[in-house]
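Observations on the model geometry
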Amino acid sequence: MDIVSPIQQKPIACFLIINPIPKLSDLALLSVLRNTDVPIAIGYVNESDLPNLANDSRVLRVKLNHKHDQLSTSGISKGIYQDFSQENFYQLVQLKWTLFAELLSMGYTTVFYSDVDVVWLQDPIGDILNAFAQMPDVHWFIQSFTSSVNEPKLCMGFVTGK
């Protein structure tokens with residue numbers, strides 16, 4: 001029988017905080033701290049981008065730039081907010097998948113990703129874990145604005161994977 005450590009039995013909420021809008025990161029992080037009891041990971045490139053609440057005992061910092069050296073020449077590492085219409089924004093989205101992979105490789109069973117412009121008014125974790133249990137072949141839930149199956153419009157603002 002395999003022994004599973006407590007960390008492996010627990011989901012984790014996470015954020016990617018790069019070139020943040022002031023105060024928004026703290027507000028989003030505070031909403032998760034207040035409404036859940038799960039650990040929280042913050043993926044980041046520059047330590048100066050970390051919110052004040054990054055020092056909370058439930059927060060794990062995950063430095064990502066050592067995995068993406070090409071970021072040093074892009075606007076992502078220059079402290080400039082990247083709008084979704086800019087090409088550098090898509091490099092940022094790719095870092096979300098790096099963060100997911102890192103956390104899953106650490107043994108967390110389920111990763112709940114949230115953008116910093118999403119505030120948690122209540123704990124969604126139990127409901128989403130139940131949805132995974134009811135649909136065992138599903139491994140990812142991704143926020144969507146799709147109104148037609150012919151034109152998918154996925155949004156990476158809230159993503160859960162296992």
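Refer to the preceding data block for the structure.
What counts and what doesn't
Residues numbered from 1 in each chain as written. Predicted model: local features only at pLDDT ≥ 70, side-chain atom pairs only at ≥ 80, totals over all residues. Heavy atoms only, no water. Helix = DSSP H or I, 4+ residues; strand = E, 2+ residues; numbered from the N terminus. Contact = heavy atoms within 4.5 Å. Areas by Shrake-Rupley, 256 points an atom, 1.4 Å probe, with all protein chains shown as cover. Patch = residues over 30% accessible without salt bridge, like charges linked within 9 Å, V, L, I, M, F, W, Y side chains within 5 Å. Salt bridge = Lys/Arg side-chain N within 4 Å of Asp/Glu carboxyl O. Buried < 20%, exposed > 50% of the residue type's maximum accessible area, 1.4 Å probe, protein only. Pairing = 2+ DSSP bridges. Axes fitted to C-alpha atoms, helices over the stretch in contact; angles between N-to-C directions.

The next thing to look at is the overall build of the protein chain. A count of helices and strands for the protein chain gives three helices and six strands. Going from the N terminus to the C terminus, the protein chain shows its helices and strands as β-α-β-β-α-β-α-β-β. At a minimum sequence separation of 6, the contacts of the protein chain that also span at least 24 residues come to 61%. In the structure as shown, the protein chain presents an accessible area of about 9300 Å², 54% of it carried by carbon and sulfur atoms.

Attention shifts here to a nonpolar patch on the surface. Together, Leu-27, Val-119 and Leu-121 make up a nonpolar patch on the protein surface, roughly 310 Å² of accessible area in all. As for its placement among the helices and strands, Leu-121 is situated in the loop between strand 4 (111–114) and helix 3 (125–134). For Leu-121, a relative accessible area of 75% gives the class exposed.

In spatial order, the strands read 3-2-1-4-6-5; together these six strands make up an open sheet with mixed pairing. Each end of this open sheet is capped by a strand with a single partner; those strands are strand 3 (59–63) and strand 5 (140–144). Between one strand and the next, the sheet's axes are offset by a mean angle of 25°, whatever the strand orientation. As judged from the five bridges shared by strand 1 (residues 12–17) and strand 2 (residues 40–44), these two strands associate in the parallel manner.

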